[in-house]
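Report on the structure
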Amino acid sequence: MEKKKLELLQKKKKSIHNFLDTMKTKEYVSNEVHYFKGKKYILNLKDSKRSRIEIDDKKYIYFYVPSNYTLEQKQKYYENWLRKELKKELERLVPKWEKIIEVKAREVRIKKMKTRWGSCNFYARRIWINLELIKRPLEHLEYVIVHELVHFLEKSHNKRFKSLLDLFLPQWRLYKQELNQFILDY
Ligand SMILES: [Zn+2]
């Protein structure tokens, strides 16, 4: 038991450390650590007239960008890329869970948020997803999607809401716990 506890503690420590890394202001320079879908990558900048981003699944995110680009230009391009990648995942995961939960979101939007991983407007049937989630493991994104879609069945975080989550995503408590280590308001 003690060993298991220790392992858990180490895991927790590691994930907090990893997340603090992701929250640091980025400079978009080579050798900087960036997270993507829960994996750690090293940024590798390449001079190129045409901007693009390529992922080497083992280690690197190659960021091709004109050498005269300012920090703001690099940040804008990079965040746009993150947005596109998150959109791809949402286009796959939202319909999957809409089918299972038997609800439909009229609109799913991506937003940079400081205090929440997601939110929903019950009446407008609209869901907001935090852009940061594309840096987290996909199970975390999936949990937030399920959480927000279940709100269309139950507005508040009551007993019924929790039993619906238990039904659709039995491991939701673990994902919630992992996410809440970082943003407390969710
Ligand atoms: Zn909620």
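Now for a look at the structure at hand. Fair warning: this is a prediction, and the values are worked out from it, not measured in the lab. (Residues numbered from 1 in each chain as written. Predicted model: local features only at pLDDT ≥ 70, side-chain atom pairs only at ≥ 80, totals over all residues. Heavy atoms only, no water.)

This part is about the packing of aromatic side chains. Under the definition given, this model contains nine aromatic pairs. Taking the centre distance of 5.9 Å and the plane angle of 20° together, the rings of F63 and Y77 count as stacked. Note that F63 is positioned in strand β4 (residues 60–65) and Y77 in helix α2 (residues 71–101), a separation of 14 residues in sequence. Taking relative accessible area as the criterion, F63 reaches 0% and is therefore assigned buried. By relative accessible area, which is 27% here, Y77 ends up partly exposed. Aromatic rings pair up to connect Y28, F36, Y41, F63, Y77, Y78 and W81 into one cluster. Positioned over the ring face of Y64 is R52, at 3.9 Å from the centre of the ring. The lysine or arginine in question, K155, covers the ring of F122, its NZ or CZ lying 5.3 Å from the ring centre. (Phe/Tyr/Trp six-rings, centres within 6.5 Å; stacked < 30°, edge-to-face > 60°. Helix = DSSP H or I, 4+ residues; strand = E, 2+ residues; numbered from the N terminus. Buried < 20%, exposed > 50% of the residue type's maximum accessible area, 1.4 Å probe, protein only. Lys NZ or Arg CZ within 6 Å of the ring centre and 35° of its normal.)

For the rest of this paragraph, the subject is the coordination of the zinc ion. Within the protein, the zinc ion binds to H147 (NE2), H151 (NE2) and H157 (NE2); these donor distances fall in the range 2.0 to 2.1 Å. Donor residues for the zinc ion sit on one chain with the sequence pattern H-x3-H-x5-H. The class of H151 is buried, set by a relative accessible area of 7%. (Donors = N, O, S within 2.8 Å, 3.2 Å for Na, K, Ca; no water.)

In total, this model carries 13 salt bridges according to the counting rule given. The shortest N-O distance in the salt bridge between R52 and E54 comes to 3.0 Å. Residue class for E54 comes out partly exposed when judged on its relative accessible area of 35%. Its salt-bridge partner being R92, residue E89 comes within 2.6 Å of it at the nearest N-O pair. On the criterion of helical spacing, the pair formed by E89 and R92 is a turn pair, its members being three residues apart in helix α2. By relative accessible area, which is 8% here, E89 ends up buried. R92 gets classed as partly exposed once you look at its relative accessible area, which sits at 47%. A single network of salt bridges, built from pairs that share partners, joins K37, E89 and R92. (Salt bridge = Lys/Arg side-chain N within 4 Å of Asp/Glu carboxyl O.)

On to unusual backbone geometry. For N31, which is not glycine, the phi torsion reads 75° and is therefore positive. Of note, N31 is situated in the loop between α1 (2–23) and β1 (33–36).

Next up on the list: helix α4 (residues 159–168). Among the residues of α4, those classed as buried are F161, L164, L165 and F168. The arc that holds every buried residue of α4, seen down its axis, measures 100°, which confines them to one face. Facing away from the buried side of α4 by more than 90 degrees, the exposed set consists of K159 and L167. Buried-residue contacts for α4 involve α2, α3 (138–150) and α5 (172–180). Sitting at the amino-terminal end of α4 is N158, which places a side-chain oxygen 3.3 Å from the backbone nitrogen of R160. (Arc of directions from axis to C-beta. Contact = heavy atoms within 4.5 Å. Polar contact = N/O pair within 3.5 Å; in protein donor to acceptor, adjacent residues only side chain to side chain.)

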